[in-house]
Amino acid sequence: MIRNHFNKSYQVSKSKLSCQLENFLFELGSSSFSCSPYEVCLFLAWCDANGKTPVHVRNCSDIGVKKPVCKCPRRLALGTVKVKIAQLKALFEKMGRCGPWVQGKGNPAASEEVAIYQEQVREEQSLGHVAPSQAVPMFLPKVKIIAMYINRKLEEEMGGTQLLGIFGPGNKPGNNSWRLVGIGRTI
Ligand SMILES: [Zn+2]
């Protein structure tokens, strides 16, 4: 129940992505059951239309400017692309399309084509002077206090099961904060 609460926003964005994917594939005359790695790449490129990260052309005067107003292309940030690929992998896995993509079988989002697409996005953004968004560092004692508090709450709720909050940087563009990214079980 608690885990669901923490993962709610992730689940909402995943189901939104699922609807977008189905509609996109329907237009192509395909479906998520027959979707190929190439179609996954097409879908990711289509998602790019909603991007807000400027990928500057060479000599753009807004390079390094915090809120650029230039006409350079706007793309999805690399971190967002990575999250979408992870969500797509999970969607296909849920449908039974598991494992790496080999000879027309497996998870199309776990294919070499999609890995190359991600690498191309990374290259394009490093050439386009896109600074990777970095989390504001949170000092370890503060993380520990928060983790201890969450663990205590979880133990109360879960009847003494030792669970551990896992922290990571926020992955939304502009969300420069640490957040709880998962719940782990201590061994
Ligand atoms: Zn620019």
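It should be emphasised that the depicted structure is a prediction, and the values quoted were computed from it without experimental measurement.

Thresholds, definitions, all that
- By convention here, each chain's residues receive numbers from 1 onward along its written sequence.
- For this predicted model, a pLDDT threshold of at least 70 governs which residues receive local features, and a threshold of 80 or more governs which side-chain atom pairs are given and counted, while totals over whole chains, interfaces and linings are taken from all residues.
- Helix and strand labels come from DSSP, where a helix needs a run of H or I of at least four residues and a strand needs a run of E of at least two; each type is numbered from the N terminus.
- Exposure is read from a count of other C-beta atoms within 10 Å of each residue's own; the residue is exposed at 12 or fewer, buried at 20 or more and partly exposed in between. C-beta atoms are placed from the backbone.
- Placing C-beta atoms from the backbone, we regard two residues as in contact once those atoms come within 7 Å.
- How far a helix is expected to stretch is found by multiplying one less than its residue total by 1.5 Å.

A.B. asks: Any chance you could break down the overall build of the protein for me, citing the residues and the numbers?
C.D. replies: Each helix and strand in the protein was counted, giving five helices and four strands. Starting at the N terminus, the α and β elements of the protein follow one another as α-α-β-β-α-α-α-β-β. Burial status across the protein gives 17% buried among its 187 residues. Sequence separation of at least 24 residues holds for 48% of the intrachain contacts in the protein that already meet a minimum separation of 6.

A.B. asks: Lay out helix α3 (residues 78–94) in plain terms, naming residues and giving numbers.
C.D. replies: The periodicity of an α-helix, 3.6 residues per turn, causes residues three or four positions apart to be oriented the same way. Over its 17 residues, α3 runs 24 Å from end to end, which matches the ideal 24 Å to within 8%, given 1.5 Å per residue. Within the sequence span of α3, burial applies to Leu78, Thr80, Val81, Lys84, Gln87, Leu88, Leu91 and Phe92.

A.B. asks: I'd love a proper account of unusual backbone geometry, names of residues and values included.
C.D. replies: Phi is positive for asparagine 59, which is not a glycine, with a value near 70 degrees. A tally of 6 C-beta atoms within 10 Å means that asparagine 59 is categorised as exposed. The backbone of glutamine 103 sits at a positive phi, close to 45 degrees, despite the residue not being glycine. Relative to the elements of secondary structure, glutamine 103 occurs in the loop between α3 and α4 (112–127). On the neighbour-count criterion, glutamine 103 (5 C-beta atoms within 10 Å) is exposed.

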